[in-house]
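# Residue-level structure breakdown
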Amino acid sequence: MLSVVVSGLRGRWASFLGGFLALVLGVGLLTATGLGLAAALDPPARAPERFASSPVVVLGQDRLTVEVRRGPGTALVSRPLDRPQPVDTAVLRELRDRWTLTENPADVRHPDAVGLDAPAEQVRALVGDRARVLTGAERRRADPGHERDGHELTGLNALLGTAGGVAAFVSVFVVASVFAFSVALRRREFGLLRTAGATPGQVRRLLLAEASVLGVTASAAGCTLGGLAAPPMARALVDRTLAPEWFAHAVGGSAGWPYHLAFWTGLCVALAGAAAAAHRAGRTGPVDALREADVDRDVLPPGRALLGAGLLAAGIGLLVWTYATEPEALLKRKTYTTLPMLLTGGAALLAPLLARPVARLLPVPRGGAVGLLVRENGSAAVRRTAAVAAPVLVTVALAGTLFGASESVALAKETEARERTAAAYVVEGPGLRIPPRTAGGAVVAASGPTSLFVRDGAEAVVKYQARAVTDPAAFAALARLPVVAGDLRRLDDRSIVVNEEFERRRVGEEVEVWRADGSGPVRLRVAAVLARGTGDNGPYVTRAQAPGSVPDRLESDRPLPAEAAADGAGAGAGAAPAARNQAAATGLRLVLALVLLYTVIALASTLLMATSVRGPELASLRLAGATRAQALRAVTGEAVLAVAIGTVLGLGVTAAVLGALGAGLAALSAPVVLAVPWAQTGAAAGVCAVVAVAASALPAWRLTR
């Protein structure tokens, strides 16, 4: 059996080249991203910088701990504060009485951390729960860059996880498509094997053995490629400030699980891609050896139809369910990255069913015989058309949904930011100075970021990013927030403006909150309720409930004096647009490039196989009077038609996702601003068309000589 498999692979290497390359690429990317995730999840031990000479560090409280209900009893839950708080004065006095402390001279009055050389157990016994005692590698928690590294690693994990997931998702479709089309073209060969006495089980085992050999060799090559590509990938992420500096040296260490995960995933993908094709090949009868290969019989087996319909129904159902129960989830990257894959997968599996009606609807030049041949062959050779359209569908759909949803959410946030103020001039940036009230008679509303911790029922504590306003009257005069109940003018030091996401949101009700420094709880009266919007509508409190908050936004109805803005602050008419997430944009471009590369491999492989067996058809066409140029135009026209079918189906998936997103924005009372990424989808379709024309024209030109 093994000699037959190896001989078959050697004789038909061109048929398996596309699947082999796709698998190598997918396993390589899984290996590289896995090594990156291993380094991010288990960073190397690094010596502390701020208190390198102190074996023990006492850090001010950096977490809020609250008792909540858990079943019949209670439990403690912790939420991180925005920054470590100053060490308690009494703790500092007791520590200084017993040991010599290492302190920052610039912050000796209210330090957030101190170092000392003392037995850790004695320090813990003295401090108790009034501060945190750090030893060993934990001392890095007191370094200034520790929090920044945590934020960068969170975005990095999302980027690498998305890239790896898309790689696995697209690999399955490419490998399955290549195997399915290869089996369809080998129908006569399998008929001869059945005539020679081969059983259906032997035919299936032959194909699965081919897939196993292909999967093992491709996975091994992919692991090697991924191991070599991981360090350059890490350096590129560091250069683009998407990862901490130490990440470039940590990737490619001794972690072995990424290699195992990538290798066995690649092998499983190869076997899964060949399983359906092997089942179909096993049903080939001996009589198939006596007829011409007919690739369009049984184009949509019941199993594929059921799986495709199930994925499509699941994708649509989850979109509707999310819109009905939690519309704000439609704005999150996790949702608009994963749900479109269900719709895309379902549409790709049903491509043989959808290809013929779409081909009939598309405008094809009717003048002359070439246009007629293109339309009729595209509609009749459904398997070939669907095999070309499916990878194009995946590329266009992912480009449209990922870029479209991301850009639409960003535009909605920017529009909402512009609409929620009546100020003619806005200054944003760190270190703003509030001008005097008499400065030109201007109404100036200053606000800064803060955090609030609020109970969500009796079982959880939720952290909200809030805004602290300096002058409630000026804030109410300039704000144009979507108020659904109450009055912004009632905001004072003992009240709060909440949004509809809060559990207690009736005007006049009291909300129990903890402040950004962990102090509290305090009970604040609800002065007004806002629509949820895109997530930036409230809550709002006054500076009295926001210890440590520094204004980073000034709004005014008149031009502000130059001294109000610090260095690096931006000023101008209207509100400044929200900052874009560069890490997310880079990740989307990486994903699109990856999917496009897979599509190029799939298109080239499929069309080279499909066109190479059309010699008798092209010869008959020439005998019927067609010129060589007409034959080439007919073949390339069919390829372009298949690309157009895939593009239309991909745009249909994009329309469904963006339509659900628009409905979600409307349900949240947010601006409905949808951005269709015509540039990305057009570029993807254009590249697919160029590759399809080249991959079909080259073998057709050779066959028509």
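Residues numbered from 1 in each chain as written. Predicted model: local features only at pLDDT ≥ 70, side-chain atom pairs only at ≥ 80, totals over all residues. Heavy atoms only, no water.

## Observations concerning the overall build of the chain
- Looking only at helices and strands, one finds 19 helices and 16 strands in the chain.
- Across the 705 residues in the chain, those meeting the buried criterion constitute 49%.
- For the chain, restricting intrachain contacts to residue pairs at least 6 apart in sequence, the fraction spanning at least 24 positions comes to 80%.
- Working note: accessible area of the chain is about 31,400 Å², and carbon and sulfur atoms make up 60% of it. (Helix = DSSP H or I, 4+ residues; strand = E, 2+ residues; numbered from the N terminus. Buried < 20%, exposed > 50% of the residue type's maximum accessible area, 1.4 Å probe, protein only. Contact = heavy atoms within 4.5 Å. Areas by Shrake-Rupley, 256 points an atom, 1.4 Å probe, with all protein chains shown as cover.)

## Re helix α3 (residues 89-98)
- Buried within α3 we find V91, L92 and L95. Relative to the axis of α3, the buried residues are bounded by an arc of 100° and lie together on one face. Facing away from the buried side of α3 by over 90 degrees, the exposed positions are T89 and D97.
- In the core, the buried residues of α3 are packed alongside β1 (56-59), β4 (101-102), β5 (113-116) and α4 (120-127).
- Where α3 starts, the residue carrying a side-chain oxygen 3.1 Å from the main-chain nitrogen of A90 turns out to be D88. (Arc of directions from axis to C-beta. Polar contact = N/O pair within 3.5 Å; in protein donor to acceptor, adjacent residues only side chain to side chain.)

## Focus on a nonpolar patch on the surface
- A contiguous nonpolar surface patch, about 340 Å² in accessible area, is contributed by L41, W257 and L261.
- Mapped onto the elements, W257 comes out in helix α9 (residues 257-282). (Patch = residues over 30% accessible without salt bridge, like charges linked within 9 Å, V, L, I, M, F, W, Y side chains within 5 Å. Salt bridge = Lys/Arg side-chain N within 4 Å of Asp/Glu carboxyl O.)

## Focus: α4
- Within α4 the residues assigned to the buried category are V123, L126 and V127. Seen from one end, α4 has its buried residues packed into an arc of 90°, which puts them on one side. Facing away from the buried side of α4 by more than 90 degrees, the exposed set consists of E121 and A125.
- At its buried positions, α4 is contacted by β1, α3, β5 and β6 (132-135).
- Immediately beyond the C-terminal end of α4, within one or two residues, lies G128, with a positive phi of roughly 65°.

## Side note on the packing of helix α11 (residues 333-349) against helix α18 (residues 628-667)
- Two elements in contact, α11 and α18, have axes whose closest approach is 10 Å; the angle formed by their N-to-C orientations is 150°. When the interaxial angle is binned, α11 and α18 end up roughly antiparallel. In this structure, α11 crosses over α18, and the sense of that crossing is right-handed. Of the residues in α18, those in contact with P340, L343, T344 and A347 of α11 are V653, A656 and V657. (Axes fitted to C-alpha atoms, helices over the stretch in contact; angles between N-to-C directions. Parallel < 35°, antiparallel > 145°, perpendicular 65-115°, else oblique. Left-handed = near helix turned anticlockwise from the far one by under 90°.)

## A few points about the packing of aromatic side chains
- What the rule picks out here adds up to 3 aromatic pairs.
- Taken together, a centroid distance of 5.1 Å and an interplanar angle of 90° make the contact between F263 and W264 edge-to-face. (Phe/Tyr/Trp six-rings, centres within 6.5 Å; stacked < 30°, edge-to-face > 60°.)

## Comments concerning the confidence of the model for the chain
- Looking at the chain, pLDDT values average 81 and 86% of them are 70 or higher.
- Taken element by element, the chain is modelled with least confidence in strand β16 (residues 570-573), mean pLDDT 49, and with most confidence in strand β14 (residues 540-542), mean pLDDT 95.
- Within the model, pLDDT remains below 50 along residues 573-580, and this stretch shows 19 contacts once partners closer than five positions in the same chain are excluded. (pLDDT = per-residue confidence, 0-100.)

## Examining a negative patch on the surface
- Together, E326, D456, E459, E501 and E503 make up a region of like negative charge exposed at the surface.
- Residue placement: E503 occurs in the loop between β11 (495-499) and β12 (510-514). (Lys, Arg positive; Asp, Glu negative; His and termini not counted. Charge placed at Lys NZ, Arg CZ, Asp CG, Glu CD.)

## Some remarks on the pairing of β12
- With 2 bridges connecting them, strand β8 (residues 444-456) and β12 associate as antiparallel partners. Each bridged residue has a counterpart across the sheet, and for F453 the counterpart in β12 is W514. (Pairing = 2+ DSSP bridges.)

## Points about the nonpolar core
- Ranked by internal contacts, the top residues of the largest apolar core, which has 31 residues, are L319, L331, L641, I645 and L661.
- Listing elements by their share of this core, those giving two or more residues are α11, α12 (351-361), α13 (368-380), α14 (382-419) and α18.
- In terms of residue count, the dominant contributor to this core is α18 (10 residues).
- Of all hydrophobic cores here, the second largest spans 24 residues; its members include L29, V166, V170 and V394. (Core = buried A, V, L, I, M, F, W, Y, C linked by side-chain atoms within 4.5 Å.)

## Overview of the sheet that holds β5
- Pairing within the open sheet is antiparallel, and its 4 strands lie in the order β4-β5-β1-β6. Strand pairing shows two members of the sheet lacking a second neighbour, β4 and β6, which therefore form its edges.
- Note: β4 against β5, 2 bridges, orientation antiparallel. Bridging from a neighbouring strand, T102 pairs with G115 of β5.

## Quick notes on empty space enclosed by the protein
- Summed over the entire model, instances satisfying the criterion amount to 6 cavities of 30 Å³ or more.
- Of the pockets and cavities examined, the largest cavity occupies roughly 100 Å³.
- Listed by contribution, the elements that provide at least two residues to the lining of the largest cavity are α14, α16 (582-612) and α18.
- The element contributing the most residues to the lining of the largest cavity is α18, with 5 residues. (1 Å grid on protein atoms, 1.4 Å probe; cavity = no way out; pocket = protein on both sides within 12 Å on 5 of 7 lines; lining within 4 Å. Points joined across faces, edges and corners; volume = space filled by probe spheres on them.)

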